[in-house]
Structure formats: structure tokens, C-alpha cells
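Architecture at a glance
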Amino acid sequence: MATVRFVFTIDYVAEILDQDVDLLREIISNDDNLTYGNIISVVTGDDESTLALTDDGVDELRQMLSDARRSAETWQEFLDCFVLDEEIAARVKTYSPR
């Protein structure tokens, strides 16, 4: 396993992948959704933290989203499985599967 030298905040990952940040937060809120060690909590102060991803985590998330967007049906199934917040799901379901 390579040493992790850089991590990317979830806000920046959303920018890189041109994705809804709330969607990405929903996906990585369950750390079982990506390979162990690819999701990192970064402490930013007393009782404050933010989520970040390793390079491998960004690649894995990119591939996951690409696979999910193969068709409108797979996109809907993906959202049903990974997005628990109904408001986010309703908003994101309106996006086309690119």
C-alpha cells in the first residue's frame, strides 16, 4: 500500500467530478461504500472535522458514478441504494445520467 501524501476535501472532489456535493457526502457517509482507508476525517478544530478522500478514493468514486450512470434505470437504482436523504434524492434524481 502506498503512503497517502495528499487528500482532497469532499467539496473539492465535487468540483473535480462536477457533482453535487450533497450527493457525494451521502455516498461517503457510509464508509463501507468505498475501500477501507479511502475516506479520511480531517480534524479542523475542537469537535470539528471534514471528510476527505485519497487519490484512490476519488478514482473509486469517479468509477462508481460512471458505472451508475450507464442508463437512467441504473442511475435510479444507484440513488435508491446510496442516497438516504429524500430531499437530496429528489433533487439529484432530476439530473440526467450523463
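As a reminder, the structure under discussion sits directly above these lines.
Residues numbered from 1 in each chain as written. Predicted model: local features only at pLDDT ≥ 70, side-chain atom pairs only at ≥ 80, totals over all residues. Heavy atoms only, no water.

**Overview of the pairing of strand β2 (residues 39–45)**
Looking at chain direction, β2 and strand β3 (residues 48–53) are connected through six bridges and run antiparallel. Its bridge partner being in β3, I39 is matched across the sheet by L53. Connecting the antiparallel pair β2 and β3 is a turn made up of two residues, with D47 showing a positive phi of about 55°. (Pairing = 2+ DSSP bridges. Helix = DSSP H or I, 4+ residues; strand = E, 2+ residues; numbered from the N terminus.)

**Focus: helix α3 (residues 55–68)**
With 14 residues, α3 ought to run about 20 Å at 1.5 Å a step, and its terminal C-alpha atoms sit 20 Å apart, in line with that. Looking only at α3, the buried set comprises G57, V58, L61, M64, L65 and A68. All buried residues of α3 project into a common sector of 125° when viewed along the axis, lining one side. Elements in contact with the buried residues of α3: β1 (8–9), α1 (10–17), α2 (21–28), β3 and α4 (72–82). (Expected span 1.5 Å × (residues − 1). Buried < 20%, exposed > 50% of the residue type's maximum accessible area, 1.4 Å probe, protein only. Arc of directions from axis to C-beta. Contact = heavy atoms within 4.5 Å.)

**Points about the side chain of N33**
The residue N33 is located in the loop between α2 and β2 in this model. Separated by 2.6 Å, the side chain of N33 and the backbone oxygen of I27 make a polar contact. Excluding its chain neighbours within four sequence positions, the residues that come into contact with N33 are I27, E60, M64 and F82. (Polar contact = N/O pair within 3.5 Å; in protein donor to acceptor, adjacent residues only side chain to side chain.)

**A closer look at the packing of α1 against α2**
Where α1 meets α2, the closest approach of the two axes is 9 Å, and the angle between their N-to-C directions is 120°. Compared by their axis directions, α1 and α2 come out oblique. Where α1 crosses over α2, the two elements pack in a sense that is right-handed. Contact residues: α1 offers I10, D11, V13 and A14, while α2 offers V21, L24, R25 and I28. (Axes fitted to C-alpha atoms, helices over the stretch in contact; angles between N-to-C directions. Parallel < 35°, antiparallel > 145°, perpendicular 65-115°, else oblique. Left-handed = near helix turned anticlockwise from the far one by under 90°.)

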